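Spelled out, the chains give:
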Amino acid sequence: MTTTSNTVIVVGGPAGTGKTTIAELLAAHFQCPFIEGDALHPPQNIAKMSKGTPLTDDDRWDWLKEVAQVSARHCTDSTNKANIAIVSCSILKKVYREHIKKCSEESLSDKIQFKFVFLHTTLEHLFERVQNRPGHFMKSDMVSSQYSIMEIPCGEELIENGGEALPVDTTDKLPQQIYQETLSALKL
Ligand SMILES: Nc1ncnc2c1ncn2[C@@H]1O[C@H](COP(=O)(O)OP(=O)(O)O)[C@@H](O)[C@H]1O
Ligand SMILES: O=C(O)[C@H](O)[C@@H](O)[C@H](O)[C@H](O)COP(=O)(O)O
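Residues numbered from 1 in each chain as written. Chains lettered and ligands numbered in written order. Predicted model: local features only at pLDDT ≥ 70, side-chain atom pairs only at ≥ 80, totals over all residues. Heavy atoms only, no water.

Concerning the site of ligand 1
In step 1: In the vicinity of ligand 1 there are 13 residues, among which Lys-19, Thr-20, Thr-21, Arg-133 and Lys-173 approach most closely.
In step 2: The contact in question runs from an oxygen atom of ligand 1 to an N or O atom on the backbone of Gly-16, over 2.9 Å.
In step 3: Bound to the protein, ligand 1 loses 75% of the 560 Å² it would expose on its own.
In step 4: Only helix H1 (19–30) and helix H7 (175–186) provide two or more residues apiece to the shell around ligand 1.
In step 5: Per element, the largest residue contribution to the shell around ligand 1 is 3 residues, and it comes from H1.
In step 6: Counted by class, the shell around ligand 1 contains 3 nonpolar, 6 polar and 4 charged residues. (Near = heavy atom within 4 Å. Polar contact = N/O pair within 3.5 Å; in protein donor to acceptor, adjacent residues only side chain to side chain. Areas by Shrake-Rupley, 256 points an atom, 1.4 Å probe, with all protein chains shown as cover. Helix = DSSP H or I, 4+ residues; strand = E, 2+ residues; numbered from the N terminus. Nonpolar A, V, L, I, M, F, W, Y, C, P; charged D, E, K, R; others polar.)

Here you go:
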């Protein structure tokens, strides 16, 4: 599959919302790299979250920069025929999504378009899904703090209004259904 421009699809949403599940389906469809954003945290962020302490904005900026730059590099890598890369990253607030775009613009000569898929569901569903996700540093007591600060994209951020964001309600939907809905709304 080929596209006319370099595209990074950031699959976001709070813990347990299905980022990895949907990102893997999209990466298989586009035959492109998938980068797990959690693997790009500095050790001090992992240590903090493992103790159950939510990150502050100051903890997040450098991580988001890394997310922007690593995914952009994968996107433009000469071996990546799709010119698409998928990265998972919670992107909970509008300023984080803007920071990712800014970091990419500042540091790369290639122009990259970002698409922000924001998966969301109820707090009850998130608790249930995080409990079913073994071996992750993010425990369920952090979900409430993520849920309370998250900004589901709206208004000018939406693709349908000329922006880059696509909110997807995942409540009572199977991953395959969410993936199909996402794919057709992205129009890539
Ligand atoms: N649409 C869905 N409905 C129900 N469970 C889901 C759905 N998507 C993912 N899950 C399950 O929820 C858990 C968390 O999914 P995951 O993709 O790891 O989310 P995230 O990467 O956002 O933390 C996993 O056990 C996964 O199988
Ligand atoms: O799936 C998850 O477990 C989370 O989404 C996880 O990715 C974590 O939240 C961030 O890496 C920390 O960053 P935030 O505090 O900004 O979500």
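Some points on the state of the cysteines
In step 1: If you walk through the whole model with that rule in mind, you get 0 disulfides.
In step 2: Among the cysteines around Cys-75, which has no disulfide bond, Cys-32 carries the closest sulfur, lying 8.5 Å off. (Disulfide = S-S within 2.5 Å.)

Structural notes on the pattern of salt bridges
In step 1: Summed over all chains, the structure comprises 8 salt bridges.
In step 2: Two residues, Asp-59 and Lys-48, come together in a salt bridge whose shortest N-O distance is 2.7 Å. Of this pair, Asp-59 sits in helix H3 (residues 57–76) while Lys-48 sits in helix H2 (residues 43–50), and the two are 11 residues apart along the sequence.
In step 3: Here Glu-156 makes a salt bridge to Lys-94, at a shortest N to O gap of 2.9 Å. One end of the pair, Glu-156, is in the loop between helix H6 (143–149) and strand E5 (165–169); the other, Lys-94, is in helix H4 (residues 94–107), with 62 residues separating them in the sequence.
In step 4: With a relative accessible area of 59%, Glu-156 lands in the exposed category.
In step 5: Of the residues examined, Lys-94 reaches a relative accessible area of 26% and is grouped as partly exposed.
In step 6: One salt-bridge network, held together by shared partners, links Asp-57, Arg-60 and Lys-93. (Salt bridge = Lys/Arg side-chain N within 4 Å of Asp/Glu carboxyl O. Buried < 20%, exposed > 50% of the residue type's maximum accessible area, 1.4 Å probe, protein only.)

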